[in-house]
Amino acid sequence: MDHGGEGRVAAARRTLRAGVDKSRALGHSLARAGPRLEEIQAALLALEAAVRPIRAPHAELAAAGPHIDRAVSPAAAVLKVFDAVHGLEPPLLAPGAAGSGAAGDLPGYLAVLAQLEEAHRFLADNCGLAAQWLADIVEYLGDRDLADQRFLADLGVTLDELRTPPAGDLDGGLLAAALSMLEAEFRRLLADHSAPLAMPQTGAAAGSATPSRVPAVAVHKLTLILDRLVANGRQDSCVASYIDARGGVVSASLRALGLDYLRDPSQDAQALGPALDLWRRHLEFVVRRLLDSERQLCAKVFGQHKDVASACFAEVAAQAGVLDFLRLFGGKACAEIQSQTRDLVKLLIDGAVEIFEELIVQVELQRHMPPPVDGGVPRLVTFVVEYCNRLLGEQYRPVLGQALTIHRSWRKEAFNDRMLVDAVLNIVKALEANFDVWSKAYDNATLSYLFMMNTHWHFFRHLKATKLGEVLGDVWLREHEQYKEYYLSMFIRESWGALSALLNREGLILFSKGRATARDLVKQRLKTFNSSFDEMHRRQSSWVIPDKDLRERTCNLVVQTIVPTYRSYMQNYGPLVEQEGNASKYVRYTVDGLEKMLSALYMPRPRRAGSFQIKHSSGKIASAMTGLHRSASAVK
């Protein structure tokens, strides 16, 4: 046997077996390394896409630089504002402890909120624009194959979402959260001052002014918060919170009154008397204190938002069910009461408006009635001045305005406050037109001067510093004051001025040969003066000047016109007559006596009520005082 051949075969077998084992091991290694190779391949592809622009031509890369810079600058500005918004989060979202948050330093909180609102507006105006610029540069890169197309496509989708982002996404919901904290503070302030209003004790003035039950500091805070919430579209939630809080106060105040007696059907007729009196006092309290204080508070809190304030107060007032007759007397069993209530309201509105509209007719009808025989101020003038002043006052003007608004709405007509003012002015102008007609009705011109002096002065004195006077204006008022001065001077000149001229010194020569002639002239002139004085004093003693200041001034002017002249005349020529036995026939008045008589003139005397009549446009005659006072009570 060839042992050398066997050895070679064995060696070859061992070599083959070793090769097979190595191949098997390599196959197992390759199988294990396959996924890793795939990962490396994917990474290489991404790396290739990332570094691809580097492989772009240098000229194209250089040209793209300025475009990229212009696109990135707006985006960088937007990112800075985003960073600033993040910096506002701590002060805006701080807990509402004392000294921090909306419940602490409210002005400081609102100042930070203003910064956020400004940033929010900037982002809303510029975020989409910055995204558009970035989209343009992405499109630029894609058109020139300077970046991987898949990468650019993904980036384009992201930029499309940034062009029109939801408002809350601009600041991550920070503004909405801050506004919600303000709403919570608004509700807290209302809740902290929600104590019901207690009815005053019996004997207290139920109609007196009601101080605000919410401190001025709290009202100011509520107003500041409400302005910001309304500016950010949170008006409805504010109104709802306010109505809920203040309506609860009204309801609690009503419950405290104990109004169950209104629903007790067991009371007989005699027992109803005290209940009705109590109901009257309760109703007055609710209207003139509870609801009036709520109206004032509503006007202060809502400030410039007057329409919202009116609607809000109406909802709060609706909580006072005691005022709503249709709810109080609900059901079919009370249908007649409901009908009578509606009829009563209609009669009240129609009556108030009819009386108001009838007033100018009454003024025109009075134009042809005789003026006062004593030259005083006609009752119509005193009434209309007082009545129109009340109509434009704070107590009556809203009530009459509401009545006129309701009445016009029934006729599908509009009404506003200026129309009320114009109507009152027309009444005053119609009354002015009566003055000249009345003055011409006097037979005595001097009495007509006194009448015009009295009437114009009454207008000036009783309209100055009033609501009606403000509407008429200072120029109009001064004209009446000037008319008073004119007629006063005419009155003095044409009456007492003419009388003093009778004591003239013409022809009075006191030397011996002319003494007898002078005595006769003095007697004659004193006799004429006495006769004229007696007649004028008798006649003017029945005339009146109602105003005390004007009366005293007029009497002083009369004294100054007559007395100095009389005193001088008697000092110089009185001795010629006083030495004779019949001196009293000519010297009838001492200087002091004459002054006292003149100073006591024009005193007013009581007038009989209803001394003039008003003819109604319907043709009926009624007492002026009755008809006109009825109109005042109806409007009230």
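- If you look the protein up in an unreviewed UniProt entry, it shows as Exocyst subunit Exo70 family protein from Zea mays.
- Heading Sequence similarities (unreviewed entry) of the UniProt record for the protein holds this comment: "Belongs to the EXO70 family."
- Under the heading Function (unreviewed entry), UniProt records this for the protein: "Component of the exocyst complex."

1. Here's the deal with helix H13 (residues 379–391)
Next, step 1: Given a rise of 1.5 Å per residue, 13 residues ought to cover 18 Å, and the 18 Å separating the end C-alpha atoms of H13 matches this to within 8%.
Next, step 2: For H13, a buried count of 10 out of 13 residues is recorded, marking the element as mostly surrounded by other parts of the structure.
Next, step 3: Burial in H13 covers these residues: Arg379, Leu380, Val381, Phe383, Val384, Val385, Tyr387, Cys388, Asn389 and Leu391.

2. Focus on the nonpolar core
Next, step 1: Val384, Leu431, Phe459, Leu468, Trp496, Leu598 and Tyr602 are the most contacted members of the largest nonpolar core, which totals 81 residues.
Next, step 2: In terms of residues, this core owes the most to one element, helix H21 (residues 548–578), which gives 12 residues.
Next, step 3: Two domains each put at least three residues into this core: domain 4 (345–487) and domain 5 (503–605).
Next, step 4: Setting aside residues up to four positions removed in sequence, Leu431 forms contacts with Val363, Leu380, Val381, Val384, Trp438 and Phe459.
Next, step 5: Among the nonpolar cores identified, the runner-up in size contains 40 residues, and Leu113, Leu189, Val239 and Leu297 belong to it.

3. Things to note about the packing of helix H6 (residues 174–192) against helix H7 (residues 216–231)
Next, step 1: Relative orientation of the contacting elements H6 and H7 amounts to 150°, with a least axis distance of 10 Å. In terms of their interaxial angle, H6 and H7 are classed as roughly antiparallel. Here H6 and H7 pass one another in a crossing that is left-handed. Of the residues in H7, those touching H6 at Leu179, Leu182, Glu183, Glu185, Phe186, Leu189 and Leu190 are Ala218, Lys221, Leu222, Ile225, Leu226, Arg228 and Leu229.
Next, step 2: Each residue belonging to the contact of H6 with H7 can be placed in one class, and the counts come to 10 nonpolar, no polar and 4 charged.

4. Here's the deal with the packing of helix H16 (residues 445–463) against helix H18 (residues 474–494)
Next, step 1: H18 packs onto H16 with a crossing angle of 155° between their chain directions and a minimal axis gap of 8 Å. Between H16 and H18, the angle is such that the two are roughly antiparallel. Considering how the two elements wind past one another, H16 and H18 form a crossing that is left-handed. Along the contact surface, H16 presents Thr446, Tyr449, Leu450, Met452, Met453, His456, Trp457, Phe459, Phe460 and Leu463, while H18 presents Trp476, Leu477, His480, Glu481, Tyr483, Lys484, Tyr487, Leu488, Met490, Phe491 and Glu494.
Next, step 2: Considered class by class, the residues forming the contact of H16 with H18 number 15 nonpolar, 3 polar and 3 charged.

5. Description of unusual backbone geometry
Next, step 1: Positive phi values are uncommon outside glycine, yet Lys412 reaches one of about 60°.
Next, step 2: As for its position among the elements, Lys412 is in the loop between helix H14 (397–410) and helix H15 (417–439).
Next, step 3: In this structure Lys412 comes out as exposed when scored by relative accessible area, which is 78%.
Next, step 4: Of note, Tyr602 is a non-glycine position whose phi angle comes to about 65°, a positive value.
Next, step 5: Here Tyr602 lies in the loop between helix H22 (591–599) and strand S1 (613–615).

6. A few points about H14
Next, step 1: Counted at 1.5 Å a residue, the expected span for H14 with its 14 residues is 20 Å, and the 20 Å between its end C-alpha atoms agrees.
Next, step 2: Restricting attention to buried positions, one finds in H14 the residues Leu400, Gly401, Ala403, Leu404, His407 and Arg408. One side of H14 holds all its buried residues, which, seen down the axis, span an arc of 160°. Pointing more than 90 degrees away from the buried face of H14 are the exposed residues Pro398 and Gln402.
Next, step 3: Two residues or fewer past H14, Lys412 is found with a positive phi of approximately 60°.

7. Comments concerning the side chain of His305
Next, step 1: One can find His305 in the loop between helix H9 (269–302) and helix H10 (306–317).
Next, step 2: With a relative accessible area of 18%, His305 lands in the buried category.
Next, step 3: Apart from the residues lying within four places of it in its own chain, the contact partners of His305 are Leu226, Asp227 and Val230.

8. Some words on the environment of Ala583
Next, step 1: Relative to the helices and strands, Ala583 is located in the loop between H21 and H22.
Next, step 2: When the C-alpha atoms of Ala583 and Lys523 are compared, they prove to be 9.1 Å apart, with 60 residues separating the residues in sequence.
Next, step 3: Beyond its immediate sequence surroundings of up to four residues, Ala583 is in contact with Val577 and Glu578.

Definitions and cut-offs
Position labels on residues start from 1 in each chain and follow its written sequence. Per-residue local features of the predicted model are confined to residues with pLDDT of at least 70, and side-chain atom pairs are confined, for both listing and counting, to 80 or more; whole-chain, interface and lining totals are unaffected and use all residues. Side-chain numbers here rest on the full set of heavy atoms in the structure, without hydrogens or water. UniProt positions are given in the numbering used here, feature names are shortened, and annotations may be inferred rather than shown by experiment. Going along the chain from the N terminus, every DSSP run of H or I of four or more residues is numbered as a helix, and every run of E of two or more is numbered as a strand. How far a helix is expected to stretch is found by multiplying one less than its residue total by 1.5 Å. The cut-offs for exposure are 20% and 50% of the maximum accessible area for each residue type, with area from a 1.4 Å probe on protein chains only; residues under the lower value are buried, those over the upper are exposed, and the others partly exposed. Residues belong to a common nonpolar core when they are buried Ala, Val, Leu, Ile, Met, Phe, Trp, Tyr or Cys residues joined through side-chain atoms within 4.5 Å. What fixes the domain bounds is an automatic or database domain assignment. Any two residues having at least one pair of non-hydrogen atoms within 4.5 Å are treated as being in contact. Where helices are involved, their axes are fitted lines through C-alpha atoms of the stretch in contact, as for all axes, and angles between N-to-C directions lie from 0 to 180°. The scheme is simple: roughly parallel for angles under 35 degrees, roughly antiparallel for over 145, roughly perpendicular for 65 to 115, oblique for anything else. Note: crossing handedness is left-handed where the near helix turns anticlockwise from the far helix by less than a right angle, and right-handed where it turns clockwise. Residues were grouped as follows: Ala, Val, Leu, Ile, Met, Phe, Trp, Tyr, Cys and Pro as nonpolar; Asp, Glu, Lys and Arg as charged; and all remaining residues, including Gly, as polar. The reported arc concerns the directions from the helix axis to the C-beta atoms and nothing else.

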